[in-house]
Amino acid sequence: MRGGERGIVFCPKDKPSHPFHLNTAWTYLCIISTQLSTFKMAMVSEFLGQLCLNIGANEPKHPTVVPATDFNPDTDAARIETAMKTKGVDEQTIIDVLTKRTYSQRRDIAFAYERRAKKDLISALKGALSGSLEAVILGLMKSTSQYDASLIRGSIKGAGTDEETLIEVLCSRSNEELVDIKKVYKELFKKDLEKDVAGDTSGNFAKLLLALVETNRAAPIAVVDYEKIDQDARALYEAGVKIKGTDVPIWISIMSERSVPHLQKVFQRYKSYSPYDMQESIAKEVKGDLQKSFLVLVECFENKQLYFAKRLNEAMKSKGAKEKIVTRIIVSRCEVDLKKICSEYKTSTGESLQKTILEHTKGDYQKVLLGLCGPEQ
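For clarity, every value in this text was computed on a predicted model and none was experimentally measured.

Student: Can you walk me through the overall build of the chain in this structure?
Tutor: Helix and strand content of the chain: 20 helices and 2 strands. Of all 377 residues assigned to the chain, the portion counted as buried reaches 43%. By sequence separation, contacts in the chain at least 24 residues apart represent 69% of the contacts at least 6 residues apart. Summed over all atoms, the accessible surface of the chain reaches about 20000 Å², with 53% contributed by carbon and sulfur.

Here you go:
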């Protein structure tokens, strides 16, 4: 028997040469020690098993809008009711309250408002607000999944298709987000998302979007399969740059079914086969909406928040800020990863997103965007 800093350890060479009952005691202690070791190993094995299942199952959140402390929906409802009764409408109070509450809290405020005012809060907001401010505030009264589902519905309803919005939403959302969007889409519009997408798009563009909507993407695992990474990288090369034309179904299959960490390594490995990186290859091999979709996918696989930061920069610094794009990104990501988008924005452009908003927007629209982005970090 040896004493140590971590306690007493029994091992065979410590076997005492004492009467039988001591030998028996030693045997029991050895058995107990072995069982404890087995139990510990089982616990470690179970933990690692759970870790393998959970790694990457959900993307980490980096929201700018977080639950308000000391939250009182009745007090907030009263403030909003007073703000809307004020002559000319007190937009600042509405912005201050609703941009500093999560969707769950805004929903509680809506219930409290209806009890107080005997009318629907969303209808009241529609009557009190207008323009870009109205678009942002009404967007905040939806959950993230409801907002995304509404964006998709708006992009395909009626004559023509807003491919830009459709591509951005379907190609940038995680598998888990798409599962929720499909469910909410059915609840809100009594239609299947797959059928609506299929009815409004065509060709390989439709096939890619439908493959994403089917949500067959593999979950990330802890074990890196280098052989599979090499196979996929080679398959992408042989289906594109290596041949005349492009075997688009192979590209669709790999990019819609593999996990994001796996694809990140595939794109790195791809450079050992192709003289071009994946984005350059896409630009050379396919055109139009299919090209745009593949490019958004690859950008989001590599760094989703940087993709959104670039989109915001382009939208706000183009001639006449493209408010629709700015609103769409900030409202849809404020409870997801807008804090990280702000960080990527500053790293990539050298100035903060908040400063750009101050320079390129004005009035209540500027105030509500700044409210959602929060202070500079």
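Now that the structure has been shown, we can carry on.
Student: Where do I start with helix α19 (residues 353–360) in this structure?
Tutor: In an α-helix, one turn spans 3.6 residues; hence positions three or four apart end up facing the same way. By the burial criterion, the buried members of α19 are L353, Q354, T356 and I357. Buried residues of α19, seen end-on, are gathered within an arc of 160 degrees and therefore sit on one face of the element. Where α19 is buried, its residues touch α16 (288–317), α17 (323–333), α18 (338–349) and α20 (363–373).

Student: Please explain the side chain of D232 as it appears in this structure.
Tutor: Looking at where D232 falls in the secondary structure, it is placed in helix α12 (residues 226–238). When its relative accessible area of 3% is taken as the criterion, D232 is described as buried. Ignoring sequence-local partners within four residues, the contact set of D232 consists of I254, R258, H262 and V266.

Student: How do you make sense of the environment of K367 when you look at a structure like this?
Tutor: You can see K367 is positioned in helix α20. Placed 10 residues apart in sequence, K367 and I357 show a C-alpha to C-alpha distance of 9.1 Å. Those residues within four positions of K367 in sequence are excluded, and the remaining contacts are Q92 and I95.

Student: Where do I start with unusual backbone geometry in this structure?
Tutor: With glycine set apart, most residues show a phi of negative sign, and most peptide bonds adopt trans. You will see that K118, though not glycine, has its phi angle at about 60 degrees, which is positive. Phi angles above zero are rare outside glycine, and K190 is one such case at about 55 degrees. Residue position: K190 is located in the loop between α9 (175–189) and α10 (193–200). Judged by relative accessible area, which is 66%, K190 ranks as exposed.

Student: For this particular structure, what's the right way to read the nonpolar core?
Tutor: The nonpolar side chains of a soluble globular protein tend to be buried with one another. Among the nonpolar cores identified, the biggest contains 97 residues, and L125, M255 and F294 are the most heavily contacted of them. The greatest single-element share of this core, amounting to 14 residues, is contributed by α16. Here L125 is in contact with M84, I94, L98, I137, L138 and M141, once residues within four sequence places are set aside.

Student: Is there a simple way to explain the packing of helix α3 (residues 91–98) against α20 in this structure?
Tutor: Relative orientation of the contacting elements α3 and α20 amounts to 20 degrees, with a least axis distance of 9 Å. It follows that α3 is roughly parallel to α20 by the angle criterion. Seen along the crossing, α3 lies across α20 with a hand that is right-handed. From α3, E91, Q92 and I95 reach across to α20, where they touch D364, K367 and V368. When its residues are assigned to classes, the contact of α3 with α20 shows 2 nonpolar, 1 polar and 3 charged.

Student: Got a minute to help me understand the packing of aromatic side chains in this structure?
Tutor: Centre-to-centre distance and the angle between the planes together describe a pair of aromatic rings. Counting across every chain of the model gives 5 aromatic pairs. Between Y237 and Y273 the ring centres are 6.4 Å apart and the planes differ by 25 degrees, which places this aromatic pair in the stacked class. Here Y273 lies in the loop between α14 (260–270) and α15 (278–285) and Y237 lies in helix α12, a separation of 36 residues in the sequence. Under the relative-accessibility criterion, Y237 is labelled buried at 18%. The class for Y273 is partly exposed, based on a relative accessible area of 25%. Positioned above the aromatic ring of F189 is the side chain of R153, whose terminal nitrogen or guanidinium carbon lies 5.6 Å from the ring centre.

Student: It is not clear to me how the packing of α16 against α17 should be interpreted in this structure. Could you clarify?
Tutor: Between two packed helices, what matters for the description is the angle formed by their axes and the separation of those axes. Between α16 and α17, the shortest axis-to-axis distance is 9 Å and the interhelical angle comes to 145 degrees. Crossing angle aside, the handedness with which α16 passes α17 is left-handed. Each of K304, F308, R311, L312, A315 and M316 in α16 lies in contact with α17, whose residues at this interface are I325, V326, R328, I329, I330 and R333. Of the residues assigned to the contact of α16 with α17, the class counts are 8 nonpolar, no polar and 4 charged.

Student: Help me understand the state of the cysteines in this model?
Tutor: Throughout this description, disulfide means a covalent bond between two cysteine sulfur atoms. For the coordinates displayed, the defined rule picks out 0 disulfides. The structure places no disulfide on C334, whose sulfur is separated from the nearest cysteine sulfur, that of C373, by 8.9 Å. With a relative accessible area of 2%, C334 lands in the buried category. Counting only cysteine sulfurs, C373 is the nearest neighbor of C342, a cysteine outside any disulfide, at a range of 4.6 Å.

Student: Can you walk me through the environment of S348 in this structure?
Tutor: Relative to the helices and strands, S348 is located in helix α18. Spatially, the C-alpha atoms of S348 and K310 are 8.1 Å apart, while their sequence positions differ by 38 residues. Within the structure, the side chain of S348 is placed 3.3 Å from the backbone oxygen of Y345, a separation counted as a polar contact.

Student: How should I be thinking about the environment of D96 in this particular structure?
Tutor: Within the secondary structure layout, D96 lies in helix α3. Along the sequence, D96 and K367 sit 271 residues apart, while their C-alpha atoms lie 9.0 Å from each other.

Reading guide: rules and limits
Counting of residues starts from 1 at the beginning of each chain's written sequence and follows it residue by residue. Reporting of local features is limited, given that this is a predicted model, to residues whose pLDDT is at least 70; pairs of side-chain atoms are given and counted only at 80 or more, and all residues count toward the totals for whole chains, interfaces and linings. Calculated side-chain values reflect all of the structure's heavy atoms, with hydrogen atoms and water omitted. Where helices and strands are cited, they refer to DSSP runs of H or I of at least four residues and of E of at least two residues respectively, numbered from the N terminus. Three labels apply to residues, based on accessible area from a 1.4 Å probe with only protein chains included: buried if under 20% of the type maximum, exposed if over 50%, partly exposed otherwise in between. Whether two residues touch is decided by their heavy atoms; if any such pair falls within 4.5 Å, the residues are in contact. Computed with the Shrake-Rupley method and a 1.4 Å probe, the accessible areas treat only the protein chains shown as cover for residues. In this description, one arc is meant: the one made by directions from the helix axis to the C-beta atoms. Within this scheme, the nonpolar core is defined by two criteria: the residues are buried Ala, Val, Leu, Ile, Met, Phe, Trp, Tyr or Cys, and they are joined through side-chain atoms within 4.5 Å. Helix axes are fitted only over the stretch in contact, all axes being lines through C-alpha atoms; the angle between N-to-C directions runs from 0 to 180 degrees. Oblique is the label for any angle not covered by the other classes, which are roughly parallel (under 35 degrees), roughly antiparallel (over 145) and roughly perpendicular (65 to 115). Each crossing gets its hand from how the near helix is turned against the far one by less than a right angle, where anticlockwise is left-handed and clockwise is right-handed. Any residue outside Ala, Val, Leu, Ile, Met, Phe, Trp, Tyr, Cys, Pro, Asp, Glu, Lys and Arg is labelled polar, Gly included; the first ten of those are nonpolar and the last four are charged. Pairing of aromatic side chains requires ring centres within 6.5 Å, counting the rings of Phe and Tyr and the six-membered ring of Trp. Pairs whose planes differ by under 30 degrees are stacked, by over 60 edge-to-face, and all others tilted. Throughout this description, the term charge over a ring refers to an Arg CZ or Lys NZ atom that lies within 6 Å of the ring centre and within 35 degrees of the ring normal. Note on terminology: disulfide denotes any pair of cysteine sulfur atoms within 2.5 Å. For the purposes of these results, a polar contact is taken to be a pair of N or O atoms within 3.5 Å, where, inside protein, one atom must be able to donate a hydrogen and its partner to accept one; residues adjacent in sequence count only when each atom of the pair is a side-chain atom.

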